[in-house]
Amino acid sequence: MDLERYVAERSSVNGDIVNVDTFVNHRVDARVMAEIARRIAAIAEPLRPEVIVTAEASGIPPALLTAARLGLPMVYAKKYVLPGPRQAVSREVGSATKGFEYTIEIRRRVMEPGLRVLVVDDFLAQGRTALALGEIIEELGCRMLGAVFAIEKSWVGARRLLEDRGWPVWSVIEIMSVDGGVIRFA
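Criteria and thresholds
- Residues numbered from 1 in each chain as written.
- Predicted model: local features only at pLDDT ≥ 70, side-chain atom pairs only at ≥ 80, totals over all residues.
- Heavy atoms only, no water.
- Salt bridge = Lys/Arg side-chain N within 4 Å of Asp/Glu carboxyl O.
- Helix = DSSP H or I, 4+ residues; strand = E, 2+ residues; numbered from the N terminus.
- Buried < 20%, exposed > 50% of the residue type's maximum accessible area, 1.4 Å probe, protein only.
- Polar contact = N/O pair within 3.5 Å; in protein donor to acceptor, adjacent residues only side chain to side chain.
- Contact = heavy atoms within 4.5 Å.

Caption draft 1: View of the pattern of salt bridges. Within this structure, the stated rule accounts for eleven salt bridges. In this structure, Glu138 engages Arg165 in a salt bridge whose closest nitrogen and oxygen atoms are separated by 4.0 Å. Here the residue Glu138 occupies a position in helix 4 (residues 128–139), and Arg165 occupies one in the loop between helix 5 (158–163) and strand 9 (169–177), the gap between them amounting to 27 residues. With relative accessibility at 38%, the residue Glu138 sits in the partly exposed group. Take Arg165: its relative accessible area is 38%, and that puts it in the partly exposed class. By sharing partners, the salt bridges in this structure join Arg91, Glu135, Glu138, Glu139 and Arg165 into a single network.

Given below as structure tokens:
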């Protein structure tokens, strides 16, 4: 499957926002997601993760299908807007596309210390969610192996934010620019 061609044909661009809601993060095209998961699993397998972690909601399809291919459990960080004490490790995350902050959390009882963890998510743009997930993983006493994304907007530079923490980053599809509303791939 030519994923770049599919993304170019099915996405819409508004400024620097690449809208993929017709096949990734609102309506999910299972064929496309299965291909993305196959490619992510090929990256993940040599890393020997013990659990796949993502954030709800749009990270769940690629993470779950990848976990299924690898025979691993998948944990998703829950999003909360309301404050309150919980038995969890959490971080505040600002959403560039939604324009507000929310809390993501992983309950301590679902991730025991020492696990080898790989983050799998749908999109790398600003990197705030992936950074928060990595910090949560490490605070839980687990080993952060890195992060794999279905789609990366590489011109934004979020990859460096994660790599500066010592976390390797991979992407299935890398978008170099959206100048004039035209998507250009790496």
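Caption draft 2: A look at the side chain of Ser11. By the element assignment, Ser11 lies in the loop between helix 1 (3–10) and strand 1 (12–14). From its side chain, Ser11 meets the backbone oxygen of Val7 in a polar contact 2.7 Å long. The residues contacting Ser11, other than those within four sequence positions of it, are Val18, Asn19, Val20, Phe23 and Ile183.

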